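Analysis of the macromolecular model
Here is how the chains run, residue by residue.
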Amino acid sequence: MDRPLLRQLPKMDALLACPAFTAAREELPYFALRDAARAELDALRQGILDGSVEALPEPDALAAAAVVRARTACRPHLRRVINGTGVVLHTNLGRAPMGEAAAKAVYETALGYSDLEYDIDAGRRGSRFDHVEPLLRSLTGAEAALAVNNNAAAVFLMLSALAAGKKVAISRGELVEIGGSFRVPEIMARSGAELVEVGTTNKTHLSDYRRAVEEQGAQILLKVHTSNFKLIGFTEEVPLADLTALGRELGVPVLHDLGSGALFTDPALGVPEGPTVEDSVKAGADVVCFSGDKLLGGPQAGIAIGRKDLIGAMKRDQFARVVRIDKLGLAALEATLRAYQDHAYAAAHIPVLAMLGASPAELERQARLRAGELAARLGDRCVLSAVPDVGEVGGGSLPGVELPTWVVELRPARMSVAALEKALRSWEVPIVGRVSHDRCLLDPRTLSAADWADITAALDAILP
Ligand SMILES: *Cc1c(COP(=O)(O)O)cnc(C)c1O
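Presented here is an overview of the structure given in this document.

The rules behind the values
- Residues numbered from 1 in each chain as written.
- Predicted model: local features only at pLDDT ≥ 70, side-chain atom pairs only at ≥ 80, totals over all residues.
- Heavy atoms only, no water.
- Near = heavy atom within 4 Å.
- Polar contact = N/O pair within 3.5 Å; in protein donor to acceptor, adjacent residues only side chain to side chain.
- Areas by Shrake-Rupley, 256 points an atom, 1.4 Å probe, with all protein chains shown as cover.
- Buried < 20%, exposed > 50% of the residue type's maximum accessible area, 1.4 Å probe, protein only.
- Helix = DSSP H or I, 4+ residues; strand = E, 2+ residues; numbered from the N terminus.
- Pairing = 2+ DSSP bridges.
- Right-handed = clockwise from strand over helix to strand, strands pointing away.
- Contact = heavy atoms within 4.5 Å.
- Salt bridge = Lys/Arg side-chain N within 4 Å of Asp/Glu carboxyl O.
- Axes fitted to C-alpha atoms, helices over the stretch in contact; angles between N-to-C directions.
- Parallel < 35°, antiparallel > 145°, perpendicular 65-115°, else oblique.
- Left-handed = near helix turned anticlockwise from the far one by under 90°.
- Nonpolar A, V, L, I, M, F, W, Y, C, P; charged D, E, K, R; others polar.

So, about the site of the ligand. Every residue near the ligand is listed here: Arg95, Asn150, Asn151, Ala152, Ile178, His225, Ser227, Asp257, Gly259, Ser291 and Lys294. Asparagine 151 is positioned with one of its backbone polar atoms (N or O) 3.0 Å from an oxygen atom of the ligand. Aspartate 257 has a polar side-chain atom sitting 2.6 Å from a nitrogen atom of the ligand. Notes on the ligand: free accessible area 380 Å², of which the protein chains cover 93%.

As a further point, take the pairing of strand β5 (residues 167-171). A regular strand places its side chains so that they alternate between the two faces of the sheet. Of all five residues making up β5, four are buried, and the element is well covered by its neighbours. Examined bridge by bridge, β5 and strand β8 (residues 194-198) share five bridges and lie parallel to one another. Following the sheet pairing, valine 168 is matched in β8 by leucine 195. Strand direction decides the pairing type here: β5 and strand β9 (residues 220-224), joined by two bridges, are parallel. Bridge assignment links alanine 169 to a residue of β9, and that residue is leucine 221.

The next subject is the pairing of strand β10 (residues 254-260). Along β10, seven of the seven residues are buried, which leaves the element largely enclosed by surrounding structure. Two strands pair when backbone bridges link them, and β9 and β10 are joined in this way by four bridges, in the parallel orientation. Bridged to leucine 221 within β10 is valine 254. When β10 meets strand β11 (residues 287-291), the two strands line up parallel, connected through five bridges. Note that in β11 the partner of histidine 256 across the bridge is valine 288. Read from β10 through helix α12 (residues 277-282) to β11, the crossover connection turns out right-handed.

On the secondary structure map, glycine 433 appears in the loop between β15 (431-432) and β16 (434-436). Classification of glycine 433 as buried rests on a relative accessible area of 19%. Counting along the chain gives ten residues from glycine 433 to aspartate 443, while the straight-line C-alpha distance between them is 7.8 Å. Excluding residues within four positions of it along the chain, glycine 433 makes contact with Gly84, Thr85, Leu441 and Leu442.

All told, the structure shown has 34 salt bridges when counted by the stated rule. Among the salt bridges present, the one from glutamate 186 reaches arginine 183, with a minimum N-O distance of 3.8 Å. You can call arginine 183 partly exposed: its relative accessible area is 38%. Each of the salt bridges in this network shares a partner with another, and the network as a whole consists of Glu117, Arg125, Arg128 and Arg324.

In this section: the packing of helix α4 (residues 30-49) against helix α5 (residues 59-73). Running from N to C, α4 and α5 point in directions that differ by 120 degrees, and their axes come no closer than 8 Å. On the basis of the axis angle, α4 is oblique to α5. As α4 packs across α5, the resulting crossing turns out to be right-handed. Residues Ala32, Leu33, Ala36, Ala37, Ala39, Glu40, Leu41, Ala43 and Leu44 of α4 pack against Leu62, Ala65, Ala66, Val67, Arg69 and Ala70 of α5. Each residue belonging to the contact of α4 with α5 can be placed in one class, and the counts come to 13 nonpolar, no polar and two charged.

Here's what the structure looks like:
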């Protein structure tokens, strides 16, 4: 069989010399362009052989197609996603988006050198612990503070440094799984602490803790905030303040894994009510641990605050080196904490707090505005309306708290809701919404003006 087209295929070198390629060299690595050019040529060759290609494209068009292919191949695997779910702390979508100040601090720290472990005044080695400790002390009222890689690490370090070889009493109602196979009983076993279970799943009394210390030899009391579920009905747990009073009476320290660390609550500023770090300090906990990227709204980090001797023991523990916070996380954490020096400023500038604080009236206005704009653009391709709905905080924070909201409801005219959901998810910038009762819902709480522009362009391209 004669296949003259095969002989007319451009050579790799000729293709690589096309202007489209020379321009793309600035943007993309050579190997990616070369691989993409080879893939385009292979596809054409295959097409000629199976008869699906009957004429060759111009070399310039071929080169342009290869550049598009190379760009797709070089796209980062970790990508921006548009969160239309309204779940502010979505663990699968990276939990807390950071504020401008935190992002700038990361950028500047990443590009240059820093005094991470250098004491500028003394001209010698310094400590990475010094950058956020004074801020954490003044914001929480604690004597000492330590930041590590995440809260799971803070809990493990706390147990390893303070409870290894000791008996630790914890309520059966708090033997929880935090997620990703982080289970309190197993973490305790790994840290070398010995678990003494106290009370029952639904009820634990102060006298149960007393018996654990006096009769079973418990040397530490641990309280874990049940941050991803809510026990309702015939239940009882011991308030932290009662536990610390008992701890003082019997001479045993009380450790508190608070989980999501809200630094303050203020319904007038839209910051939802819930347990705060300061509450735990005031209630007398000897060490309190919490996350950096839950309600605090900062980077992934774990923070431990409390008695100077105990935090000191955690800093000196071998394991502290294993779980140390990196310079980028530290830069973001410091910038985040600085914003908290003024509550009104924090409520407006920490994105997590601003999103949680959006009022139903503001969300209704947004939902109506966006539904109107989309309807004008999409015409009869989709039925759009703004409807009231209920959202959640997410990310193991404030379980059971319902956030009244308004959402944009989409009912596509000529495709299924399932197909629309999938197409939005597969868009260049993936758009993740909610599907409920055969409607696709987008919640303005977690969407910026720029996100809405992307959503509009995507819907315009997707909807038949
Ligand atoms: C979320 C949570 C953790 C784990 O915190 P990370 O920062 O995700 O490591 C530990 N304990 C409790 C109670 C939590 O809610």
